[in-house]
Each structure stands twice: as structure tokens, then as C-alpha cells.
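An overview of the molecular structure
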Amino acid sequence: MSVLESIHVGGVWRTATSGGTREVLDPADATILTVVAEGGTEDTDAAVAAARRAFDEGEWPQTPTAERAALLRRVAELLQRDREDIALLESRDTGKTLEEGRVDVDDVTAAFRYFADLVMNESGGRVVDAGSADVHSVVVHEPVGVCALITPWNYPLLQASWKVAPALAAGNTFVIKPSEVTPLSTVHLVKLLVEAGLPDGVANIVTGAGLPVGQRLAEHPDVDLFSFTGGLVSGTKAGSAAIAGAKKVALELGGKNPNVVFADACATEEGFDTAVDQALNAAFIHSGQVCSAGARLIVEESVKERFVAELAARAERIKLGRGTEDGVECGPLVSQQQLEKVEAYVASALAEGAVPRSGGKRPEPSAVRPEGGYFYAPTVLDNCHRGMKVVREETFGPIVTVESFSTEDEAVTLANDTEYGLAGAVFSSDTARARRVAARLRHGTVWINDFHPYLPQAEWGGFGKSGVGRELGPHGLAEYRETKHVYENLRPAPVRWFAG
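Here the structure is a predicted model, which means the values were calculated and not measured.

What counts and how
For every chain, the first residue of the written sequence is number 1, and numbering continues from 1 along that sequence. Thresholds applied to this predicted model are a pLDDT of at least 70 for local features of residues and 80 or more for the giving and counting of side-chain atom pairs; totals over whole chains, interfaces and linings are not thresholded and use all residues. Neither water nor hydrogens contribute to the side-chain values; these are computed over all heavy atoms in the structure. A pairing counts as a salt bridge when a side-chain nitrogen of Lys or Arg comes within 4 Å of a carboxyl oxygen of Asp or Glu. Under the DSSP-based scheme used, a helix requires at least four consecutive residues in state H or I and a strand at least two consecutive residues in state E, with every element numbered from the N terminus. The classification of residues rests on relative accessible area computed with a 1.4 Å probe and restricted to protein chains. Under 20% of the type maximum is buried, over 50% is exposed, and intermediate values are partly exposed. Nonpolar core, defined: a set of buried Ala, Val, Leu, Ile, Met, Phe, Trp, Tyr and Cys residues in which side-chain atoms within 4.5 Å join the residues together. By definition in these notes, contact holds between two residues if any of their heavy atoms fall within 4.5 Å. Paired strands are those between which DSSP finds at least two bridges. What counts as an axis is a line fitted to C-alpha atoms, over the stretch in contact for a helix, and the angles between N-to-C directions run from 0 to 180 degrees. UniProt positions are given in the numbering used here, feature names are shortened, and annotations may be inferred rather than shown by experiment. Under this definition, polar contacts are N or O atom pairs within 3.5 Å; protein pairs additionally need one hydrogen-donor-capable and one acceptor-capable atom, and for neighbouring residues in sequence, both atoms have to be side-chain atoms. Here a pair means two rings of Phe, Tyr or Trp (six-membered ring of Trp) with centres within 6.5 Å. Their orientation is stacked below 30 degrees between planes, edge-to-face above 60, and tilted elsewhere. Charge-over-ring placement is defined geometrically: NZ (Lys) or CZ (Arg) within 6 Å of the ring centre, and within 35 degrees of the ring normal.

A look at the pattern of salt bridges
Taken as a whole and judged by the stated rule, the model has 33 salt bridges. Between Arg14 and Asp43 there is a salt bridge, and its shortest N-O distance comes to 2.8 Å. Residue Arg14 is located in strand 3 (residues 12-14), and its partner Asp43 is located in helix 1 (residues 41-56); the two are separated by 29 residues in the primary sequence. Arg14 sits in the partly exposed class, given a relative accessible area of 22%. Classification of Asp43 as buried rests on a relative accessible area of 2%.

Observations concerning the nonpolar core
By size, the foremost hydrophobic cluster in this structure holds 90 residues, and its most contacted members are Phe112 and Phe307. Those residues within four positions of Phe307 in sequence are excluded, and the remaining contacts are Val261, Cys266, Phe272, Ala275, Val276, Ala279, Leu297 and Val299. Within the second largest apolar cluster, 28 residues are counted, among which are Ala50, Ala51, Val206 and Tyr420.

Here's the deal with the sheet that holds strand 7 (residues 135-143)
Taken together, the three strands give an open sheet; going across it, the order is 6-7-21, and neighbouring strands pair in antiparallel fashion. Each edge of the open sheet is held by one strand with a lone partner, namely strand 6 (126-128) and strand 21 (481-489). Sheet twist, expressed as the mean angle between neighbouring strand axes with direction ignored, is 25 degrees. As paired strands, strand 7 and strand 21 are joined by nine bridges and run antiparallel to one another.

Let's talk about the UniProt feature "active site" (unreviewed entry) in the protein chain
Mapped onto this numbering, the UniProt entry annotates "active site" (unreviewed entry) at Glu252. Its location among the elements puts Glu252 in strand 12 (residues 248-252). Given the relative accessible area of 5%, Glu252 is considered buried. Excluding anything up to four places from it in sequence, Glu252 contacts Phe228, Thr229, Gly230, Cys291, Leu422, Trp460, Ser466 and Glu471.

Digging into the environment of Thr274
Relative to the helices and strands, Thr274 resides in helix 9 (residues 269-284). Between the alpha carbons of Thr274 and Asp450 there is a distance of 9.1 Å; along the sequence they are 176 residues apart. Looking at Thr274, its side chain comes within polar contact range of the main-chain oxygen of Glu270, at 2.9 Å.

A closer look at the packing of aromatic side chains
One pair of aromatic rings is described through two measures. These are the centre distance and the angle between the planes. In total, this model carries nine aromatic pairs according to the counting rule given. Here Tyr114 and Phe115 contribute two aromatic rings whose centre-to-centre distance is 5.0 Å and whose plane-to-plane angle is 70 degrees, an arrangement assigned as edge-to-face. The two residues Tyr114 and Phe115 agree in class, both being buried. Plain terms: the ring middles of Trp447 and Phe451 are 4.6 Å apart, the flat faces sit at 40 degrees to each other, and that makes the pair tilted. Assessed through its relative accessible area of 6%, Trp447 is described here as buried. A relative accessible area of 4% means that Phe451 is categorised as buried. Grouping aromatic residues by their ring pairs yields a cluster made of Trp162, Trp447, Phe451, Tyr454 and Trp460. The ring of Trp13 carries Lys191 above its face, with NZ or CZ at 5.8 Å from the centroid.

Have a look at this one:
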């Protein structure tokens, strides 16, 4: 099998300097999808150098805002042109369903269009009243410089767009390192940037492992901004290296997200059905491999037994299989490593007293679940408590733990009892209660009677160990800018501070 030229430096596609390669596997059956270049330190240094030249000497940072916005819109059009091809690529690479892949492409398109519109609607700067007609004072925004962008394996294209679109809108250059597990859609995105007319050196990609590529990007003296989305351990390590070099840093490090269900949300059959359905979606979309997954179900004691029984029954009926097959609702986990991690979390939960109400094992192979695939049955674990490892840590798999409460205060205490703070939800038919609880939840995104939707115009990020900074929205653009105050004296004259 030939090696895909997956490294793009200074406008040239090539393989790794060392000749290193990596097999990209189909998680549905563990067969080889393709072989990509396995970049190293030398490739990373070359990519940063290209981005540095393009920023310091190239045209992109000085390109008028209207032209930058027009390029982003061309990329959006190309994404829609290639929608089916990219969705298929994303499905085969990550294991998610083909429909999820299509939704991802549409969301990526929306991100590029949003940031194009955002920069086009801005004024030339914020005028500051200096208290004198003889002074013109304005605050303007400029690009940060060379951006190092590290993206995760679960939503490779989507997470890339949340970084690439604002970085380009602001006038930066970048080097992106996708996860070595799922690099293919990001490679395609860079090809579309080139096709759209982005100047050489502005967009560079190095495929390879976190060590050495990601770590080198974090440490590199010519990188001005380091943006990372991924796990807490690797993210804090890389972020510390970036901070040591006085770089701007943005980190999104996951979550352990509560889904709080009050009994009044289940008072009618329609309400009960909706709350159960949303709990199912919260926990099991993309096999739970979502940073904002509603992995902690916290349900009022009076409806807990009925709610969990119905949730478990529906979880058992989820159609599990290869994401490209018709009728499949949930695909495999992304890798053997992730499958073993999920199994270990379930084993520890059972040892600590959790009661499995559904799943808890690998399903039998079938026509849509090939032998060797990384499949794990959607799992509902009852009788859980905050002391359990499976409740405290981000499992990134199809596992939902169940806790219960009796009072509103108890529900809030449980929901906030986590070192993370990315997202959470509250289900209640009492509007005042729902808003009151939402206001008390220490999470960056809070849904009321819903779970998972996000808007490109609304900031995304978390409290606590869920990270630093925000993506999307105006603040997502601000992450990729430096703020400058220009103070102009219109009538200069001697100050005469010193008598001489």
C-alpha cells in the first residue's frame, strides 16, 4: 500500500523526512484504511519555519478582511461540494455513523461561514474617549502570529474547524497536528484550503504522534499560540511546556458532564419519553466518545427506577454496527486501546458495587459488526456514587452512570461535584426551577430540556479542569488576536516635565 503524502509544509505535500509511516485502521474491523506519513521533530521544525516565513514576510496577515472572509466562504462551499466524500471518510476513520459524519461536515461549514461573517461585520477598531479633542485613541486587533493547533481523534474535522477558521479569519498562519488515530479528514481540509487559494505556508500539517510532534509544537520558540483539545493529562503537560515559553495558550480538556432529571420533567408520558430519549442521546451519540457526553445521569429518586429501567431497555435496542451500514445507530470505539480502557472502567465500577442494567460487554459479531471490530455495548450502570472511578473520570465510551437525589440542593451539589466543568443539563417542567438550577451549575455550557446542541456564535469551553479559554463565538476569534492600543496626539507640544 502506497504512503499518503499527509505532511504539507510551505505549499508542498510530502512524506516524512525520516521515512516513517503509520497505518490508519478502520475501527469497524481493524483492517488498514491507508498508510500516512509519520512526521517527527524535523518535519515539525520545517512546518513552523514555513508558517513563520508566511507570517513575517507573506501577504496573508495584511490581506484585507474582506478577502480573508471570502476565502473562508470558498472553503465552506468546497466542504459542501465534498460533503458525501468527507462524511464517508470521517465515518470510516472514526467509526461514527455516516449520518453523524454528514452532520459534522455541515457544522464545519457553519463554523467557516460564521467566522467569515464575524470579521466582515466588525468596525475598524474601538474608539476610546481620552477626554481631549486633541487625542485620537483607538483599540485595534492584530493576528497573534504562528499558531500550533492540536486536535483530538473523536471529532477531527469539527475540532480542526473551530481552530482553523478563527485563526485564518484573524490573519494568522498555523501548523496543525491531527490525532495520529484519525488524521484523514484534516488532511482533506488542508487540501481544500489550498484549493480555495490560501497562500503557501499559511496552512501546514504534520501527521504524527504527540511525542514528538505535539510536544515540539508546544515547546517551539517560533510558535506564538498553542491551542489543544484532548485529554487532561497530555493537555496539561503540553500546555505547561507552552506556558513556559510565554505563548498564548488555549486548552479544552474534556468533561464529566451531569444530566440532571427532575421528577416533574417526567410527569406526563410525553415528558417522560422526551427525558429518556435525551438521556440516551446524551450518553451514547458516537459511542459516548464526546467531550460533552452526558455520562452522569442524576435523576430524582421518586422516578429513578422507572426512568433507569426504560433507559436500559432502550439502550439494549440500539443498533450497533459499522457506521456506513444502513440502519446502524452507533458505531465502534475508535481503537483497541479505547476498547480496553472502557472495559477497565466497567470492571472497576462492578468491583466498587455498580449494578449493570444494560451492556457491560462486547457484543457478538454479526453481519454489521465484523469480527475484530472495536464494538462495546451501550452500558447503563446503576447504584453509582461519587467515590467510584467511573463517576469521577472521563471514560470516553458508551457508559452512563446513575446517581439519585431527593432535593434541588442535593441535585446541584452532585452535578457540581466534579473537577471538570465543561457542560451539563437540567430537565424540568418548572421553568423557574430549571433556570435557577442552570444558574447554579458550574459548567461552561448548560442545556435546559435538551442535550448536545451548540451554536458557532456561542462560546464553548469549560470551568475547572475542563480547560483554559474559549472556542467559537466572539471570544473564539479573540483567542487568535493580540489587542493593541494606538494613542495619537493630534496637537503635539513640549511637555515641560523637566525644567532643563
